[in-house]
Amino acid sequence: MHYIESGAGTPLVLLHAFPVDARMWNPLRSRLEEQARVITPDQRGLGESSLDGTTARGMIEPAAAPLTVDRPSVDVAAADVLELLDQLELPRVVLGGCSMGGYVAMALLRAAPQRVAGVLLVDTKAPADTDEQRTNRLNVASRAEQEGTGSWLAENMVPNLLGSATREKRPEVVGDLRALIEAQPADGVAWAQRAMAARPDSLETLRAFDGPAMVAVGAEDTITPPAAAREMADALPRGELVELAGSGHLPSLEAPDALADAVRPWLAGIDV
Ligand code: MLT
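Just so you know, these numbers come straight off a predicted model, no measurement behind them. (Residues numbered from 1 in each chain as written. Predicted model: local features only at pLDDT ≥ 70, side-chain atom pairs only at ≥ 80, totals over all residues. Heavy atoms only, no water.)

A look at the site of the ligand
Part 1: In the vicinity of the ligand, the contacting residues are Ala17, Phe18, Ser99, Met100, Tyr103, Arg137, Met196 and His249.
Part 2: Within the backbone of Phe18, one N or O atom sits 2.7 Å away from an oxygen atom of the ligand.
Part 3: Within the side chain of Tyr103, an N or O atom sits 2.6 Å from an oxygen atom of the ligand.
Part 4: Relative to its free-state accessible area of 270 Å², the ligand is covered by the protein chains to the extent of 94%. (Near = heavy atom within 4 Å. Polar contact = N/O pair within 3.5 Å; in protein donor to acceptor, adjacent residues only side chain to side chain. Areas by Shrake-Rupley, 256 points an atom, 1.4 Å probe, with all protein chains shown as cover.)

Have a look at this one:
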C-alpha cells in the first residue's frame with residue numbers, strides 16, 4: 001500500500017475520500033506535522049496503490065504475479081490499513097477518515113477497536129446506502145470501467161464536493177480537485193464505488209467506541225450534511241462536533257486552518 005508520511009509525534013493515520021487519494025490531506029498535514037506523525041495511505045486501486053493490494057502501481061510484473069483482486073469491501077480496505085500499521089510497527093494510532101475514508105475508519109473500528117486511540121470523522125456518515133444510492137454507485141462503477149475516468153467524473157462530482165464559497169472564490173482549489181479526480185485509475189474508482197455500495201450501517205460501531213472522538217463537518221456539505229455529523233457525534237459516547245464555516249465536503253482542501261485549529265487541542269489530549 002502506498003502512503004505519504006511526514007511529521008513527528010502522535011501517530012495520526014488519515015484515510016482519504018472518493019474519488020481522490022492521499023494528497024487531499026496535504027493542506028491539513030502541513031498544519032499538523034509539528035505535533036503528529038501524519039500517515040496518509042492511498043486506498044487500494046487509487047493514487048499509487050495497486051488494485052491487488054500488494055505493491056505500488058507499476059511495480060508488479062503481470063506475468064510473474066497474476067492480478068487477483070479481493071471483493072470490493074470497506075472491510076478489505078480496513079484490513080489493508082491494519083496491515084500497514086503492522087508493517088510500520090504501530091500498535092495504536094489516532095485514526096481519521098474523510099467521507100469514504102470515514103466508512104473505512106468505521107470498518108476498522110469494527111474489526112480492531114483496540115488499535116484506535118481516538119477517531120476523527122470528517123464529512124462522513126454512519127448509515128448504509130439506500131437502494132437508489134447503491135444503484136447510482138454501481139452505474140458509476142460500470143461507466144468508469146467502460147469509459148475510463150476522463151473529465152465526466154470530475155464534472156459530475158466537483159460541484160457536489162466543494163462548498164459554494166470555495167467554488168465561487170477559490171478557483172485554484174477547484175482546479176486542484178479536478179486534477180486529483182482525473183488522475184484516479186478507472187479500476188480503482190469502480191472498486192471503491194462497489195465497496196461503498198456494500199458497506200453496512202455503522203451506528204452500533206460508533207456507540208461501542210468509548211475513546212475520544214471528533215466529528216468535523218463543513219457547514220456547506222450537501223453530500224454528508226451537518227445533520228449526519230450530529231447523528232454520529234450523538235452516537236459516539238465521547239463525540240465532539242465541530243462545524244466548519246465556509247467549507248463543503250472536503251475541509252482539508254477548503255478550510256484547512258479551521259480544521260487544524262479544531263484538531264490540534266483534541267489530539268493533544270489523546271494518550272496513544
Ligand atoms: C466521498 O467523498 O468519499 C464520497 O462522496 C462518499 C460517498 O460517495 O458516499
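Notes on the side chain of Gln43
Part 1: Considering the arrangement of structural elements, one finds Gln43 in the loop between β3 (36-41) and α2 (74-87).
Part 2: Taking the relative accessible area as the measure of exposure, Gln43 reaches 8% and is therefore buried.
Part 3: Beyond its immediate chain neighbours, meaning those up to four positions away, Gln43 contacts Met1, His16, Ser49, Ala77, Met100, Val104, Trp191 and Ala192. (Helix = DSSP H or I, 4+ residues; strand = E, 2+ residues; numbered from the N terminus. Buried < 20%, exposed > 50% of the residue type's maximum accessible area, 1.4 Å probe, protein only. Contact = heavy atoms within 4.5 Å.)

Observations concerning the sheet that holds strand β1 (residues 3-6)
Part 1: Pairing within the open sheet is mixed, and its seven strands lie in the order β1-β3-β2-β4-β5-β6-β7. A strand with exactly one partner marks an edge of an open sheet, and here the two such strands are β1 and β7 (239-244). Sheet twist, expressed as the average angle between the axes of neighbouring strands with direction ignored, equals 20°.
Part 2: Of the strand pairs in this sheet, strand β5 (residues 116-122) and strand β6 (residues 213-218) are connected by four bridges, and their pairing is parallel. Each bridged residue has a counterpart across the sheet, and for Leu120 the counterpart in β6 is Met214.
Part 3: Sitting on the sheet, α2 is in contact with β1, β2 (10-15), β3 and β4 (93-98), with an inclination near 155° to β2.
Part 4: Where helix α10 (residues 226-235) meets the sheet, its contacts fall on β5, β6 and β7, and the angle it forms with β6 comes to roughly 175°. (Pairing = 2+ DSSP bridges. Axes fitted to C-alpha atoms, helices over the stretch in contact; angles between N-to-C directions.)

Brief notes about the packing of aromatic side chains
Part 1: All chains considered together, the criterion is met by zero aromatic pairs.
Part 2: Of note, Arg199 hangs over the ring of Tyr103, and the distance from its end group to the ring centre comes to 3.9 Å. (Phe/Tyr/Trp six-rings, centres within 6.5 Å; stacked < 30°, edge-to-face > 60°. Lys NZ or Arg CZ within 6 Å of the ring centre and 35° of its normal.)

Some details on the pattern of salt bridges
When their charged atoms lie close together, side chains carrying opposite charge are able to pair.
Part 1: Taken as a whole, this structure holds 17 salt bridges when the rule is applied.
Part 2: Across the salt bridge formed by Arg170 and Glu172, the nearest N and O atoms sit 3.7 Å from each other.
Part 3: Two residues, Arg207 and Glu204, come together in a salt bridge whose shortest N-O distance is 2.5 Å. A residue pair is termed a helical-turn pair when its members lie 3 or 4 positions apart in one helix, as Arg207 and Glu204 do in helix α9 (residues 203-207) at three residues. (Salt bridge = Lys/Arg side-chain N within 4 Å of Asp/Glu carboxyl O.)

Things to note about empty space enclosed by the protein
Part 1: Taken as a whole and assessed by the stated rule, the structure comprises two cavities of 30 Å³ or more.
Part 2: For the largest cavity, the calculated volume is near 70 Å³.
Part 3: If you trace the largest cavity, you find it lined by Met1, Leu15, His16, Pro41, Asp42, Gln43, Ala77, Val81, Gly101 and Val104.
Part 4: Elements that contribute at least two residues to the lining of the largest cavity include exactly α2 and α3 (100-111).
Part 5: Across the lining of the largest cavity, the residue classes tally to six nonpolar, three polar and one charged.
Part 6: Of the voids in this model, the second largest cavity is the one considered here, and its volume is about 40 Å³.
Part 7: Forming the boundary of the second largest cavity are Val74, Tyr103, Met106, Arg110, Lys125, Ala126, Pro127, Arg199, Pro200 and Ser202.
Part 8: Sort the elements by how many residues they give to the lining of the second largest cavity and α3 lands first, with three residues.
Part 9: By residue class, the composition of the lining of the second largest cavity is six nonpolar, one polar and three charged. (1 Å grid on protein atoms, 1.4 Å probe; cavity = no way out; pocket = protein on both sides within 12 Å on 5 of 7 lines; lining within 4 Å. Points joined across faces, edges and corners; volume = space filled by probe spheres on them. Nonpolar A, V, L, I, M, F, W, Y, C, P; charged D, E, K, R; others polar.)

Interpretation note: all reported values are geometric properties and have no functional meaning in isolation.
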